Amino acid sequence: MKTVLLFKELYLEAFRDFGNFVIRNYFKAFTWFSFALFFIVLYAFIFRLFTGFVWD
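This structure is a prediction, so every number in the text was calculated from the model and none was measured.

So what's going on with the overall build of the protein chain? Which residues, and what values?
Each helix and strand in the protein chain was counted, giving one helix and zero strands. Taking 10 Å as the expected radius of gyration for a compact globule of 56 residues, we find that the protein chain reaches 24 Å, considerably beyond that expectation. Along the longest, intermediate and shortest principal axes, the C-alpha atoms of the protein chain span 75 × 15 × 5 Å. Burial status across the protein chain gives 0% buried among its 56 residues.

Given below as structure tokens:
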């Protein structure tokens, strides 16, 4: 019974750390993706500003 509890604790700890790793990397990827989209929008706005886009 002690062995079963040891394996249970081992797997719980491993998956808890795995979950934190996945969430942390997901937020890093989401941050870089958001920055990339922001800079694309900023580039499009500046491009339209300098090429004489008519703002009706």
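Can you lay out helix H1 (residues 2-50) for me, pointing to particular residues and giving the numbers?
For H1, built from 49 residues, the straight-helix expectation of 72 Å at 1.5 Å per residue is met to within 8% by its first-to-last C-alpha distance of 72 Å. Downstream of H1 by a residue or two, Gly 52 has a phi angle that is positive, lying close to 80 degrees.

Which residues make up the packing of aromatic side chains, and what values go with them?
What the rule picks out here adds up to five aromatic pairs. Here the aromatic rings of Tyr 26 and Phe 30 are separated by 6.3 Å at their centres, their planes lie at 20 degrees, and the arrangement is stacked. Taken as a pair, Tyr 26 and Phe 30 lie in helix H1 at a separation of four residues, close to a single helical turn. Centroid distance Trp 32 to Phe 35: 6.2 Å. Interplanar angle 65 degrees. Geometry classified as edge-to-face. Of this pair, Trp 32 and Phe 35 are both found in helix H1, three residues apart, which corresponds to roughly one turn of the helix. A residue is classified by how much of its surface remains accessible, and Trp 32, at 64% relative accessible area, is exposed.

The rules we used
- Counting of residues starts from 1 at the beginning of each chain's written sequence and follows it residue by residue.
- Since the coordinates come from a predicted model, pLDDT governs what is reported: local features require at least 70, and pairs of side-chain atoms require 80 or more to be given and counted, while whole-chain, interface and lining totals use all residues.
- Values shown for side chains rest on all heavy atoms present in the structure; no hydrogens or waters enter the calculation.
- Runs of H or I in DSSP of at least four residues are treated as helices and runs of E of at least two as strands, each being numbered from the N terminus.
- All radius of gyration figures rest on C-alpha atoms, and the globule criterion is 2.2 Å times the number of residues raised to 0.38.
- Buried, partly exposed and exposed residues are distinguished by accessible area as a fraction of the type maximum, computed with a 1.4 Å probe on protein chains only: under 20%, between the cut-offs, and over 50%, respectively.
- Expected helix span is given by 1.5 Å per residue-to-residue step, counting one fewer step than there are residues.
- The rule is short: rings of Phe, Tyr and Trp, with Trp giving its six-membered ring, pair when the centres are within 6.5 Å, and they are stacked under 30 degrees, edge-to-face over 60, tilted in between.

These figures come from the coordinates and say nothing about function on their own.
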